[in-house]
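One letter stands for each residue in the lines below.
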Amino acid sequence: AQSVTQLGSHVSVSEGALVLLRCNYSSSVPPYLFWYVQYPNQGLQLLLKYTTGATLVKGINGFEAEFKKSETSFHLTKPSAHMSDAAEYFCAVSDKRPGTASKLTFGTGTRLQVTL
Amino acid sequence: NAGVTQTPKFQVLKTGQSMTLQCAQDMNHNSMYWYRQDPGMGLRLIYYSASEGTTDKGEVPNGYNVSRLNKREFSLRLESAAPSQTSVYFCVQGGQGNTGELFFGEGSRLTVL
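About the criteria used
Residues numbered from 1 in each chain as written. Chains lettered and ligands numbered in written order. Predicted model: local features only at pLDDT ≥ 70, side-chain atom pairs only at ≥ 80, totals over all residues. Heavy atoms only, no water. Disulfide = S-S within 2.5 Å. Helix = DSSP H or I, 4+ residues; strand = E, 2+ residues; numbered from the N terminus. Buried < 20%, exposed > 50% of the residue type's maximum accessible area, 1.4 Å probe, protein only. Contact = heavy atoms within 4.5 Å. Buried area = accessible area lost by both parts, 1.4 Å probe. Polar contact = N/O pair within 3.5 Å; in protein donor to acceptor, adjacent residues only side chain to side chain. 1 Å grid on protein atoms, 1.4 Å probe; cavity = no way out; pocket = protein on both sides within 12 Å on 5 of 7 lines; lining within 4 Å. Points joined across faces, edges and corners; volume = space filled by probe spheres on them.

**Notes on the state of the cysteines**
All names here are of chain A.
Step number 1: This structure, assessed with the given rule, holds 2 disulfides over all chains.
Step number 2: The disulfide partner of Cys23 is Cys91, and the gap between their sulfur atoms is 1.9 Å. Looking down the S-S bond of the Cys23 and Cys91 bridge, the torsion is -65 degrees, so its handedness is left-handed. Linking Cys23 in strand β3 (residues 19–26) with Cys91 in strand β9 (residues 87–94), this pair joins segments that are 68 residues apart in sequence.
Step number 3: The buried category is assigned to Cys91, whose relative accessible area is 0%.

Pasting the structure below:
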């Protein structure tokens with residue numbers, strides 16, 4: 001079984017400040033991890049993903065995340081927030097069993113507010 | 001959200017009515033999924049289809065049925081709608097390979113009165 005916990009349902013930062021959205025996972029196999037972003041009235045869009053290899057992954061719009069196996073974490077960061085970053089962010093883990101359709105388990109989401 | 005088209009975008013039903021959410025993808029990928037999104041609960045998998053002709057239950061399948069009509073189309077049916085099925089529904093297609101990356105439709109907002 002796999003699960004994802006996102007700490008903080010709402011995070012508020014000032015424009016230009018560091019963004020840190022927390023995600024911890026539980027998985028019985030080496031995980032594939034994802035961050036998705038959802039803007040109002042839209043579907044989710046992939047922000048970045050970790051599969052294998054380098055543990056620091058870079059995504060779109062200046063976001064990055066670091067896979068830390070010892071801490072079972074995959075926190076999302078951005079050095080300087082922009083107003084356009086205001087959205088809801090979802091962390092997800094894949095069960096990635098070979099030969100079958102991978103099913104993602106999502107966290108409950110963190111709504112990011114960016115203030116002037 | 002290019003590649004996944006779902007209809008209708010909005011629907012209001014009365015308890016006990018039935019309806020079908022339609023979904024089509026144009027990326028020629030094998031796997032397709034239906035998720036529902038509810039405030040504070042994230043997204044939960046209803047059903048998925050690993051390939052044409054196969055379907056499997058997800059986390060919350062009760063009250064729903066699906067049909068994988070062909071490789072492009074994957075529909076979700078509510079036979080007798082209940083207020084608990086008020087939600088936003090997303091049709092999703094899987095990416096190439098087995099990385100787990102998903103591509104979402106724009107969603108269908110369903111209200112059951």
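**Thoughts on the interface of chain B and chain A**
Step number 1: In this complex, chain B contributes 22 residues to the contact, which on the side of chain A involves 26 residues.
Step number 2: Here chain B meets chain A over a buried area of about 1800 Å², counting both sides, of which 53% is carbon and sulfur.
Step number 3: Applying the counting criterion to the chain B and chain A interface returns 3 residue pairs in polar contact (both at pLDDT 80 or more).
Step number 4: The set of elements that each furnish at least two residues to the side of chain B that touches chain A consists of β4 (32–38), β5 (42–49) and β10 (102–104) of chain B.
Step number 5: Broken down by element, the side of chain B that touches chain A gets its largest block of residues, 4 residues, from β5(B).

**A look at the layout of surface pockets**
Step number 1: Of the voids in this model, the largest pocket is the one considered here, and its volume is about 630 Å³.
Step number 2: Residue lining of the largest pocket: 29 residues in total, with A:Gln38, A:Asn41, B:Gln37, B:Val88 and B:Arg109 positioned closest to the centre.
Step number 3: Contributing elements (two or more residues each) for the lining of the largest pocket: β9 of chain A together with β4, β9 (87–94) and β11 (108–112) of chain B.
Step number 4: Reported here for the second largest pocket is a volume of approximately 260 Å³.
Step number 5: Along the wall of the second largest pocket there are 17 residues; nearest its centre are A:Ala1, A:Gln2, A:Asp95, A:Lys103 and A:Thr105.

Limitation: the analysis is restricted to geometry and does not speak to function.
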